[in-house]
Amino acid sequence: MVNDALSAGPKSARPAAPWPAPWPGQLAPGALPPGWRIYAVGDVHGCADRLAALHALIAEDAAARPTERITLIHLGDYVDRGPDSAAVLRRLLDPAPLLGEAIGEVEVVNLLGNHEVMMLDACEPEAHPGALPFWLDNGGAATLASYGADPEDPEACAAVLPEDLDLLRHCPLQFSAGDYLFVHAGVRPGIPTDRQDPFDLVWIREPFLSFDGDLPLVVVHGHTPSELPVVRPHRIGIDTGACFGGALSCVVLEGHRLRFLSA
């Protein structure tokens, strides 16, 4: 049976975030092949300092527990709302030193989130008329400010570095490993994995969040913030509201178990 202690019970029974790192391991709702460990990081939203601190914790954890293969997955929503989205993208653009040299080569996967979609659309106004005001209303003003631009300037998007936009254009929508599917927001129940609508992968909340049946793979996602990570038989949600004062969370998956790190 899956241990659901992270997402059930009164708030008074829950530890306050951020919790000690690492959170003790528990039985996971899925499994990875032997020798493969995945660190999946929730929504960063411009919190560059927290991302740097979490990467340092991941590097320490990985060095202390050597394994054959390590994959670091960022689940999207790197930009908007927080203080330094530009610095977050600069860090993702230079993945080699993220976890240090001591643990060897690390596979890095940066998934696409809905805030990256809004940013890309806003920076292509001819193709997406009206996208800029929508983005600004949803946290884009903070992103433009992190580039030193005035969000009130109609030409403010020109301050965004071309290589940053190129990074976002090449972010995949999903990544699968073992029994897990990693996406930003979730999936639409009843639709095969290979036929999911890209819009749902980055935007969906319902009926995914309240679904209580079986899915082909356990979905690891962000997008919907909660006080603590949510562990269900069919999904693991790890957006813990870093830009709203919560922790920046990482689920560590290995074999049949999971644990958490936070910054």
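Just above sits the structure.
Fair warning: this is a prediction, and the values are worked out from it, not measured in the lab. (Residues numbered from 1 in each chain as written. Predicted model: local features only at pLDDT ≥ 70, side-chain atom pairs only at ≥ 80, totals over all residues. Heavy atoms only, no water.)

1. A closer look at the sheet that holds strand β8 (residues 230-231)
Part 1: Read from one edge of the open sheet, five strands run β5-β6-β7-β9-β8, paired in mixed fashion. Single-partner strands in this sheet number two, and they are β5 (174-177) and β8.
Part 2: Pairing of strand β6 (residues 180-183) with strand β7 (residues 218-221), which is carried by three bridges, proceeds in the parallel orientation. Along β7, the bridge assignment pairs Y180 with V218. (Pairing = 2+ DSSP bridges. Helix = DSSP H or I, 4+ residues; strand = E, 2+ residues; numbered from the N terminus.)

2. Remarks on the pairing of strand β2 (residues 36-41)
Within a regular strand, side chains alternate between the sheet's two faces.
Part 1: Where burial is concerned, most of β2 is hidden: six out of the six residues are buried.
Part 2: The alternating pattern of β2 places W36, I38 and A40 on one face and R37, Y39 and V41 on the opposite face, and all of these are buried.
Part 3: Pairing geometry for β2 and strand β3 (residues 69-74), over six bridges, is parallel. What sits directly across from R37, in β3, is I70.
Part 4: The β-α-β motif built from β2, the intervening helix α1 (residues 48-64) and the parallel element β3 has right-handed crossover chirality.
Part 5: Of the strand pairs in this sheet, β2 and strand β10 (residues 249-254) are connected by five bridges, and their pairing is antiparallel. Within β10, the position partnered with R37 by the bridge is E254. (Buried < 20%, exposed > 50% of the residue type's maximum accessible area, 1.4 Å probe, protein only. Right-handed = clockwise from strand over helix to strand, strands pointing away.)

3. What about helix α2 (residues 85-93)?
Part 1: Along α2, the residues that are buried comprise S85, A86, V88, L89 and L92. Along the long axis of α2, the arc covered by the buried residues comes to 160 degrees, so they all point the same way.
Part 2: If you follow the buried residues of α2, they end up packed against α1, β3, β4 (107-110), α3 (114-122), α4 (131-146) and α5 (162-169). (Arc of directions from axis to C-beta. Contact = heavy atoms within 4.5 Å.)

4. Considerations on unusual backbone geometry
Backbone phi values are negative for most residues with the exception of glycine, while trans is the configuration of most peptide bonds.
Part 1: With an omega dihedral of 10 degrees, the bond running from E206 to P207 counts as a cis peptide bond.
Part 2: When you line up the elements, P207 lands in the loop between α6 (198-203) and β7.
Part 3: Phi at D77 is positive, roughly 60 degrees, even though this residue is not glycine.
Part 4: As for its placement among the helices and strands, D77 is situated in the loop between β3 and α2.

5. Some words on the pattern of salt bridges
Part 1: Applying the stated criterion across every chain yields a total of eight salt bridges.
Part 2: Residues D61 and R259 are paired through a salt bridge, measuring 2.7 Å at the closest nitrogen-oxygen approach. In this pair, D61 is assigned in helix α1 and R259 in strand β11 (residues 257-262), connecting sequence segments 198 residues apart.
Part 3: Judged by its relative accessible area of 4%, D61 is buried.
Part 4: For R259, a relative accessible area of 12% corresponds to the buried category. (Salt bridge = Lys/Arg side-chain N within 4 Å of Asp/Glu carboxyl O.)

6. Things to note about the pairing of β7
Part 1: Along β7, one buried face is formed by V218 and V220 and the opposite face, lined by V219 and H221, is buried too.
Part 2: Taken together, β6, α6 and β7 form a β-α-β motif whose crossover is right-handed.
Part 3: With three bridges connecting them, β7 and strand β9 (residues 235-237) associate as parallel partners. Among the inter-strand pairings, H221 is bridged to a residue of β9, identified as G237.

7. Quick notes on the environment of E227
Part 1: In this fold, E227 is placed in the loop between β7 and β8.
Part 2: Remark: the alpha-carbon pair of E227 and G246, spanning 19 residues in sequence, is separated by 7.0 Å.

8. Section: α4
Part 1: Here α4 spans only 19 Å end to end across 16 residues, well under the 22 Å set by a 1.5 Å rise per residue.
Part 2: Most pronounced at G139, the bend in α4 amounts to some 90 degrees.
Part 3: Taken together, the buried positions of α4 are A131, W135, G139, G140, T143, L144 and S146.
Part 4: Next to the buried residues of α4 lie α2 and α3.
Part 5: Positive backbone phi, approximately 80 degrees, marks G148, located one or two places after α4. (Expected span 1.5 Å × (residues − 1). Bend = angle between axes of the 7 residues up to and from the residue.)

9. A look at the packing of α1 against α2
Part 1: Packing of α1 against α2 leaves a shortest axis separation of 8 Å and a crossing angle of 30 degrees. Residues A48, L51, A52 and H55 of α1 form the contact with α2, whose participating residues are A87, V88, R91 and L92.
Part 2: Partitioned by chemical class, the residues of the contact of α1 with α2 number six nonpolar, one polar and one charged. (Axes fitted to C-alpha atoms, helices over the stretch in contact; angles between N-to-C directions. Nonpolar A, V, L, I, M, F, W, Y, C, P; charged D, E, K, R; others polar.)

10. Side note on a negative patch on the surface
Part 1: On the surface, D150, E152, D153 and E155 cluster together into a negatively charged patch.
Part 2: The residue E155 is located in the loop between α4 and α5 in this model.
Part 3: Residue class for E155 comes out exposed when judged on its relative accessible area of 59%. (Patch = residues over 30% accessible without salt bridge, like charges linked within 9 Å, V, L, I, M, F, W, Y side chains within 5 Å. Areas by Shrake-Rupley, 256 points an atom, 1.4 Å probe, with all protein chains shown as cover. Lys, Arg positive; Asp, Glu negative; His and termini not counted. Charge placed at Lys NZ, Arg CZ, Asp CG, Glu CD.)

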